[in-house]
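Listed below are the residues making up each chain.
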Amino acid sequence: MPVIGIVDTTFARFNMGKAAVDEIQKHASAKIIRRTVPGIKDLPVAAKKLIEEEKCDIVMALGMPGSKDKDRMCAHEASTGIIRAQLMTNTHIIEVFVHEDEGKDEKELAFLMEQRSREHALNVVKMLFKPEQLIKEAGTGQRQGFRDVGPARV
Ligand SMILES: Cc1nc2c(=O)[nH]c(=O)nc-2n(C[C@H](O)[C@H](O)[C@H](O)CO)c1C
């Protein structure tokens, strides 16, 4: 049975890991191993440990960069770390970040954090179990959270 790792943060203002686990369980049979770390800069090593020590086939790294400049810098550093962890382990780590200022208010922020977590969880299920479905969706302007934008019109 495939093993999916989920790592999220306490800094985030919505329980992103819970939404991702719930969505995966609705659509696939997989062992899920969940971890929570303080913030996004702690995600890369947590994901790498899930891959190397817990034998996860794929990992979701979920977090919320804040709205200050130092948070944006932090997000860039965390992303770089996540990419390095992917290259070091030759394993996908699907980064699910929702910037705190993407939502116009708290309600929209919570909506976006839940939807993006769930839609990327579906991507993970497709990557593991139905890769041909992703090929069908190539170039279709999919977005996670807000509405899909569709293909460019010619
Ligand atoms: C400035 C800052 N901003 C964020 C953020 O926007 N989002 C987040 O999840 N975590 C932030 N952190 C915390 C770091 O990611 C990390 O948890 C600490 O530096 C401890 O390693 C920090 C320190």
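Residues numbered from 1 in each chain as written. Predicted model: local features only at pLDDT ≥ 70, side-chain atom pairs only at ≥ 80, totals over all residues. Heavy atoms only, no water.

- The name given to the protein in an unreviewed UniProt entry is Riboflavin synthase, and the organism recorded there is Methanolobus zinderi.
- Checking UniProt for the protein, the heading Pathway (unreviewed entry) contains the comment "Cofactor biosynthesis; riboflavin biosynthesis; riboflavin from 2-hydroxy-3-oxobutyl phosphate and 5-amino-6-(D-ribitylamino)uracil: step 2/2."
- One UniProt comment on the protein, placed under Sequence similarities (unreviewed entry), says "Belongs to the DMRL synthase family." (UniProt positions renumbered as here; feature names shortened; annotations may be inferred.)

## Looking at helix α3 (residues 69-89)
Here is step 1 of the chain: If you check α3, its first and last C-alpha atoms are 30 Å apart, about what 21 residues at 1.5 Å a residue would give, namely 30 Å.
Here is step 2 of the chain: Buried residues belonging to α3 abut α2 (43-52), β3 (58-63) and β4 (93-97).
Here is step 3 of the chain: Backbone geometry just downstream of α3 places N90 in the positive-phi region, at approximately 55°. (Helix = DSSP H or I, 4+ residues; strand = E, 2+ residues; numbered from the N terminus. Expected span 1.5 Å × (residues − 1). Contact = heavy atoms within 4.5 Å.)

## Focus on the nonpolar core
Here is step 1 of the chain: Within the largest apolar cluster, 22 residues are counted, with the highest numbers of intra-cluster contacts made by I4, I6, M16, I24, M60, L62 and M113.
Here is step 2 of the chain: Broken down by secondary-structure element, the contributors of at least two residues to this core are β1 (3-9), α1 (16-27), β3, β4 and α4 (106-129).
Here is step 3 of the chain: With six residues, α4 is the largest single contributor of residues to this core.
Here is step 4 of the chain: Dropping the residues within four chain positions of it, M16 is found in contact with D8, L62, G63, V96, V98, M113 and S117. (Core = buried A, V, L, I, M, F, W, Y, C linked by side-chain atoms within 4.5 Å. Buried < 20%, exposed > 50% of the residue type's maximum accessible area, 1.4 Å probe, protein only.)

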